[in-house]
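# Observations on chain architecture
One-letter residues, chain by chain:
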Amino acid sequence: MERSYVSVEQVRTEYDNYRIPVLIATEAGALIAAYECRKWASDWAEIDIKVTFSSDGGESFSEVLRIGREGETVNNPVLIADGGRVHLLYCVNYRRVFYRRSEDGGKTFGKAREITAAFDKYPHTVVATGPSHGVAAGGALLVIGANGVLPIGAQSIVDYCLKLGKPLIIFINGMDKE
């Protein structure tokens, strides 16, 4: 069977480029994609995140969620499949981290909850939850990688992790509450 593939964004839009894609498959076989929509080519551009859903193996996608406000940088989505749940984490202006949960396999998402405090024990100048995937580690525990969570004055995440002798992993507990 011959297939042709097109971008989720098939028409010219208000965005200059698309970056930081994340794609997961749920236990039910749905595909969920999240990606940044940048108004211009910069990490500090006005950026929205779109989350899309496919129940037909990627033949078509429907927009589930658009996160963004004029003048903000909404960035670095992380999706985590967790049985019938889907967890979504993202950052705003590289300073604040938010969490949303889907109870219906990614078709809809609940309201945003700020979880920046989970990162506060790591002094940092910026925080980025991705680009990466995460793992639901049982119960209400999510495990994600984090970029930019560095002691103030550190040169790079690589230098910091080499000094630590291990990768930087953030454990976020309590994700079973709205």
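The notes below deal with the structure included here. Fair warning: this is a prediction, and the values are worked out from it, not measured in the lab. (Residues numbered from 1 in each chain as written. Predicted model: local features only at pLDDT ≥ 70, side-chain atom pairs only at ≥ 80, totals over all residues. Heavy atoms only, no water.)

### Overview of the side chain of threonine 26
Filter applied, for reference: Where helices and strands are cited, they refer to DSSP runs of H or I of at least four residues and of E of at least two residues respectively, numbered from the N terminus. Note on exposure labels: buried denotes an accessible area under 20% of the residue type's maximum, exposed denotes more than 50%, and partly exposed covers the range between, all computed with a 1.4 Å probe on protein chains only. Between two residues, a contact is recorded if the distance between any of their heavy atoms is within 4.5 Å.
Structurally, threonine 26 can be placed in the loop between strand S1 (17-25) and strand S2 (31-38). What makes threonine 26 buried here is its relative accessible area of 10%. With near-sequence residues (within four places) excluded, threonine 26 lies in contact with Ile32, Ala81, Val86 and Gly105.

### Observations regarding the pattern of salt bridges
Rules: Every case where a carboxyl oxygen of Asp or Glu lies within 4 Å of a side-chain nitrogen of Lys or Arg is listed as a salt bridge.
Taken as a whole and assessed by the stated rule, the structure comprises 12 salt bridges. Residue glutamate 46 is joined to lysine 39 by a salt bridge in which the shortest nitrogen-to-oxygen separation is 3.3 Å. With a relative accessible area of 24%, lysine 39 lands in the partly exposed category. Connected via shared salt-bridge partners are Glu14, Lys39, Glu46, Asp48 and Arg66.

### Notes on the side chain of arginine 101
Applicable threshold: Side-chain atoms alone can form a polar contact between residues adjacent in sequence; in general such a contact is a pair of N or O atoms within 3.5 Å, and within protein one must be able to donate a hydrogen while the other accepts it.
Relative to the helices and strands, arginine 101 resides in strand S7 (residues 96-102). Assessed through its relative accessible area of 6%, arginine 101 is described here as buried. Within the local environment of arginine 101, its side chain forms a polar contact with the side chain of glutamate 103, the two groups lying 2.6 Å apart.

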